[in-house]
Protein chains: 2
Amino acid sequence: MSTAERKAREKEALRALILKAAKKLFVERGIDQTTIRNIADEIDYSVGTVYVYFKDKNAILHDLHSIGFQELGSYFQDLFSIKNPKERLKKMGSSYIKFALENAEMYDLMFNLKAPMEFLENSDTDNWDEGAVTFSYVKKTVEECIVEGHFAEHNAEPLSFMVWSLVHGMCCLEIRQRTKGVKFTNPDTILFDGYNEFLKIIEKL
Amino acid sequence: MSTAERKAREKEALRALILKAAKKLFVERGIDQTTIRNIADEIDYSVGTVYVYFKDKNAILHDLHSIGFQELGSYFQDLFSIKNPKERLKKMGSSYIKFALENAEMYDLMFNLKAPMEFLENSDTDNWDEGAVTFSYVKKTVEECIVEGHFAEHNAEPLSFMVWSLVHGMCCLEIRQRTKGVKFTNPDTILFDGYNEFLKIIEKL
DNA sequence: AAATTAAATGAACAATGTTCATTTTTTATA
DNA sequence: TATAAAAAATGAACATTGTTCATTTAATTT
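Heads up: these notes are all about the structure in this document. (Residues numbered from 1 in each chain as written. Chains lettered and ligands numbered in written order. Predicted model: local features only at pLDDT ≥ 70, side-chain atom pairs only at ≥ 80, totals over all residues. Heavy atoms only, no water.)

## A word on the packing of helix α1 (residues 3–29) of chain B against helix α4 (residues 57–76) of chain B
All names here are of chain B. Viewed as axis vectors pointing N to C, α1 and α4 meet at an angle of 80 degrees, and their least axial separation amounts to 10 Å. With respect to each other, α1 and α4 are oriented roughly perpendicular. Facing Arg15, Leu19, Ala22, Lys23 and Phe26 of α1, the residues of α4 in contact are Ile60, Leu61, Asp63, Leu64, Ile67 and Glu71. (Axes fitted to C-alpha atoms, helices over the stretch in contact; angles between N-to-C directions. Helix = DSSP H or I, 4+ residues; strand = E, 2+ residues; numbered from the N terminus. Parallel < 35°, antiparallel > 145°, perpendicular 65-115°, else oblique. Contact = heavy atoms within 4.5 Å.)

Shown next as structure tokens:
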């Protein structure tokens, strides 16, 4: 192997190390509470080095947001082995919520923070591929449901968007602390209970 | 009138002036892009004065978030003149979305930003009264629907939460730029279309 | 071994939220 | 009205950010 190749690998390794440290700190203490200096400290490099490997903080956040989508992918892993589309859709929603609650900080980064989208705006194309791919899973499943005769008189794309919004909205309200102060009868299970109402509904469609 | 009374009024007036200036700048250039110095400049007072009237930035954001709920209230104004609860529920969702889109920055502050909730956490009670009251409108309406024989086998509170999540999720995805990169068939009407799917659904329940 | 290239550094800058000793203004008192 | 006391307003100063870039250190090539 050439030195050039080795160097390229080393560069990639340090890049990955920075992302790993960033993720660790984000999960541990939250994204707002993590500074570039913290990240540099964590891996015993200087602040300047971080900027050699990433244009700015948005670039780090965007890369981490992509990693988040990979992780969401692993929650979605086995979904398409479920052949019944309605069952798959129901399970997809549960997995989505599960991911959001178990990876709140990453979920926030993926679907709420402005940074990853600002990064996209300053890049060649402003396609949000990660989001588009994830949405296509929902849409594909809804389309299959329609083929099977469900959701009559509904349109696949807007209906899929509605479903996405429904689960996203629940996760969002929870993660951004909006369920806490409202004093639900069963605060601990409100997401579960709320999603259950949705399940009852699509059972009838 | 006593001087004390006049002074109290003057204090209240300056407090309101600060909030008004803050709101103006928030709407004009966004919340992250607005600094305490900007606000002070806008009303020709010094930075220090702002801190005489507000403990910190969170306190300003919290007060403004409360003002936002008053404004949402005016969108909800005539809803309870609609006696048919199902019609009212449908209209309530539309009004909610309308408010969110026409007041994106305020909506974000009310339902997404951490600041207002952090302010609550540092206060005596951490009840989120504004949110609770707004949710109660939805819940009351859903309960009336159930009394009228709709939504059989559903539970009012979780179902209301589901409905709230659905509209909130749509607004959230839109405001946080998550609908833009996905390339919907009709990007401009996806919220409208998505909500329409919801309307079709509750028509059947 | 010297020269060249690449990588890493950290001091320095501008912007921000926040504090607080000082100054200015207003009110009460004599 | 003149003076003392209280209230209000001030802005310089601090700590913490993200970010830059001239300089230093290390690695590679000649």
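## A closer look at the protein's contact with DNA strand D
Near DNA strand D lie 21 residues; those nearest to it are Arg6, Tyr51 and Lys57 of chain A together with Thr49 and Tyr53 of chain B. Atoms of DNA strand D within 4 Å of the protein: sugar and phosphate make up 68%, bases the balance. Ile36 of chain A is positioned such that a nitrogen or oxygen atom in its backbone is 3.0 Å from a phosphate oxygen of DNA strand D. Residue Lys57 of chain A places a side-chain N or O atom 2.6 Å away from a phosphate oxygen belonging to DNA strand D. Among the elements of the structure, α1 (3–29), α2 (36–42) and α3 (47–53) of chain A together with α1 and α3 (47–53) of chain B are those that each provide at least two residues to the surface near DNA strand D. Here the surface near DNA strand D gets four residues from one element, more than from any other, and that element is α3 of chain B. Its residues assigned to classes, the surface near DNA strand D shows seven nonpolar, six polar and eight charged. (Near = heavy atom within 4 Å. Polar contact = N/O pair within 3.5 Å; in protein donor to acceptor, adjacent residues only side chain to side chain. Nonpolar A, V, L, I, M, F, W, Y, C, P; charged D, E, K, R; others polar.)

## With respect to the environment of Leu199 of chain A
All names here are of chain A. If you trace the backbone, Leu199 turns up in helix α10 (residues 190–204). Classification of Leu199 as buried rests on a relative accessible area of 17%. Separated by 106 residues in the primary sequence, Leu199 and Gly93 have C-alpha atoms spaced 9.4 Å apart. (Buried < 20%, exposed > 50% of the residue type's maximum accessible area, 1.4 Å probe, protein only.)

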